[in-house]
Amino acid sequence: MKKGFKDYMAEANACVESCSIQDALHLHGNADWVFIDVRDASELAKEGKIPGAVHASRGLLEFKIDPESPMHDSTFDPNKRFVFYCGTGGRSALAVQRALEMGLKQVVSMAGGFSAWKAADGPVESS
């Protein structure tokens, strides 16, 4: 049976925990949490990012998480806690689902994404 994006989103949303923008604003700056921006580089260049966030585009995420990958990023320590975000929340939900499948334990998707962060007057830095 063929699956479409709505099927994948429904699967991700059924197993992924999300956090509100208010919760994300509260977590920002807390050394126990790492913010991961899964948007494409062109989006970061155009819009900026959450200060201190680590960029790991959705297309390379699996390579950055897997310790056996030559592209592994040590940021993705399974003992850390993560807030993933994208533009509006869809890609980050899919990314969190995959991160959980790959062994990360404490990962949430920021509801509403970077658009909601900016609308809530969250801090933004240029990339």
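Look above for the structure.
All of the points below concern the structure found in this document. Every chain begins its residue count from 1, and numbering advances along the sequence as written. Where totals are concerned, whole chains, interfaces and linings use all residues; where local detail is concerned, this predicted model gives features only for residues with pLDDT of at least 70, and gives and counts side-chain atom pairs only at 80 or more. The side-chain quantities take in all heavy atoms of the structure and omit both hydrogens and water.

Centres within 6.5 Å make a pair out of two Phe, Tyr or Trp rings, where for Trp the six-membered ring is used; the pair is then stacked when the planes are under 30 degrees apart, edge-to-face when over 60, and tilted otherwise. Applying the stated criterion to the full structure yields 5 aromatic pairs. For the pair Tyr-85 and Phe-114, a centre-to-centre distance of 6.0 Å together with 25 degrees between the ring planes defines the contact as stacked. Here Tyr-85, found in strand 4 (residues 81–85), pairs with Phe-114, found in helix 6 (residues 113–119); they are 29 residues apart in sequence, far enough to count as distant. Under the scheme applied here, a residue whose accessible area is under 20% of the maximum for its type counts as buried, over 50% as exposed, and between as partly exposed, the area being computed with a 1.4 Å probe on protein chains only. For Tyr-85, a relative accessible area of 0% translates into the label buried. Every member of this aromatic cluster is reached through a ring pair, and the members are Phe-76, Phe-82 and Phe-84. For the cation-ring pair, Arg-39 lies above Phe-114, with the distance from its terminal atom to the ring centre recorded as 4.2 Å. Labels follow the DSSP assignment, with helices taken as runs of H or I lasting at least four residues and strands as runs of E lasting at least two, numbered in each case from the N terminus. Only Lys NZ and Arg CZ are tested; either one counts as a charge over a ring when it is within 6 Å of the ring centre and within 35 degrees of the ring normal.

Counting buried residues along strand 4, 4 of its 5 residues qualify, which places the element largely inside the surrounding structure. In this description, strands pair whenever DSSP reports at least two bridges between them. Relative to strand 4, strand 2 (residues 33–37) runs parallel, the two being bridged by 5 bridges. Its bridge partner lying in strand 4, Ile-36 is registered against Phe-84. Relative to strand 5 (residues 106–110), strand 4 runs parallel, the two sharing 4 bridges. Bridging from a neighbouring strand, Val-83 pairs with Val-108 of strand 5. When the strands point away from the viewer, a crossover counts as right-handed if the path from the first strand over the helix to the second runs clockwise. Considered for its hand, the β-α-β crossover made up of strand 4, helix 5 (residues 90–101) and strand 5 is right-handed.

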